[in-house]
Each structure stands twice: as C-alpha cells, then as structure tokens.
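Structural overview
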Amino acid sequence: VQLVESGGGLVQPGGSLRLSCAASGFTFSRYGMSWYRQAPGKERELVAGITSAGDNTNYADSLKGRFTISRDNAKNTVYLQMNSLKPEDTAVYYCKARAPITRRDYWGQGTQVTVSS
C-alpha cells in the first residue's frame, strides 16, 4: 500500500488549495479514504472522509462548507478541495486508507499546508 499526497504549499488567507492523494498497491475502489491534519503541538484530527464508492462523505463540523472531499476511482486518487483558507488551517495534511474487512489503516507521508500573508 502506498499513498502519496501532493498539492500542499504556502497560500494567503482566503485562498484555495487542492490536495491530491495518489494510491497504489491495493484495490483503491474498495477502501474508504480520509484526510486528517496535524498542526504543530496538536493532535492529529479528522478533516473529511469518503466511502469507497464515493456516495457518502463526512466532515469535521468546523470545516463544513469550506472543504470538499472527492475521489476518482478510475485514477486511484482522492482529493481535498480547500477554500477560504485561514491561518488556523496550517498543518500537515495526511491521507488515510482503511481496509474494508480488517479495517487496518494505511497512512501517507503528509503534505504541508501553510496559510499566511
């Protein structure tokens, strides 16, 4: 299982970023996928999740309306569209895959998002 995040970087407050997580080494369309983030000195927290078929999503309450998770099973990729970014969104963003039966979790290496003027 390999998960590779990309798309992070430095963005001004109010800006947007689209993160991507490219998956390989497993049957992507069978796995639920999630995005988490971890800010300095804080615990890792759930940002958003999406079911294997992409027919159901969930979000951290504080992020609803600004972030959108989606997936393309043909491209083995999950995305996180982030709009109206705030300095408090600064964190390392991680992609996670959850196996359908064992429910074992697999993590990517993370991508840094910095929101600053």
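The rules behind each value
- Residues numbered from 1 in each chain as written.
- Predicted model: local features only at pLDDT ≥ 70, side-chain atom pairs only at ≥ 80, totals over all residues.
- Heavy atoms only, no water.
- Core = buried A, V, L, I, M, F, W, Y, C linked by side-chain atoms within 4.5 Å.
- Buried < 20%, exposed > 50% of the residue type's maximum accessible area, 1.4 Å probe, protein only.
- Helix = DSSP H or I, 4+ residues; strand = E, 2+ residues; numbered from the N terminus.
- Pairing = 2+ DSSP bridges.
- Axes fitted to C-alpha atoms, helices over the stretch in contact; angles between N-to-C directions.
- Disulfide = S-S within 2.5 Å.
- Salt bridge = Lys/Arg side-chain N within 4 Å of Asp/Glu carboxyl O.
- Phe/Tyr/Trp six-rings, centres within 6.5 Å; stacked < 30°, edge-to-face > 60°.
- Lys NZ or Arg CZ within 6 Å of the ring centre and 35° of its normal.

Right, let's talk about the nonpolar core for a bit. Core analysis: the largest hydrophobic core is formed by 31 residues, its most contacted members being M33, W35, V78, L80, M82 and Y93. Residue assignment for this core shows that the elements contributing at least two residues are β3 (17-24), β4 (32-38), β5 (45-50), β7 (67-72), β8 (77-82), β9 (91-98) and β11 (111-115).

All right, on to the sheet that holds β3 then. The sheet built from 4 strands is open, its strands ordered β1-β3-β8-β7 with antiparallel pairing. Looking at strand neighbours, the two that pair on one side only are β1 (2-6) and β7, the edges of this open sheet. Across the sheet, the axes of successive neighbouring strands diverge by a mean angle of 15°, strand direction being ignored. Two elements, β7 and β8, share 6 bridges in a ladder whose sense is antiparallel. Following the sheet pairing, F67 is matched in β8 by M82.

Before going further, it helps to spend a moment on the state of the cysteines. A full pass over the atoms with the stated rule returns 1 disulfide. Disulfide pairing is shown between C21 and C95; the S-S distance is 2.1 Å. The S-S bond linking C21 to C95 shows a torsion near -80°; that makes this disulfide left-handed. Pair noted here: C21 is in strand β3 and C95 is in strand β9, with a separation of 74 residues, a long-range link. C21 sits in the buried class, given a relative accessible area of 0%.

Before going further, it helps to spend a moment on the pattern of salt bridges. Tallied over the entire structure, the rule returns 5 salt bridges. Measuring nitrogen to oxygen at the nearest pair gives 3.6 Å for the salt bridge that ties D105 to K96. With a relative accessible area of 6%, K96 lands in the buried category. In this structure, a network of salt bridges that share partners links the residues R37, E45, R66 and D89.

Moving on, we get to the packing of aromatic side chains. Applying the stated criterion across every chain yields a total of 4 aromatic pairs. On the basis of an interplanar angle of 55° and a centroid distance of 6.3 Å, the ring pair of F26 and F28 is categorised as tilted. Judged by relative accessible area, F26 falls into the buried class, the value being 13%. Relative to W107, the ring of Y94 lies with its centre 6.4 Å away and its plane at 85°, an arrangement referred to as edge-to-face. Of this pair, Y94 sits in strand β9 while W107 sits in strand β10 (residues 105-107), and the two are 13 residues apart along the sequence. A relative accessible area of 14% means that Y94 is categorised as buried. Aromatic ring contacts, followed pair by pair, group F26, F28 and Y31 into a single cluster. For the cation-ring pair, R18 lies above Y79, with the distance from its terminal atom to the ring centre recorded as 3.9 Å. A cation sits over an aromatic face here: R71 above F28, 4.3 Å from the ring centre.

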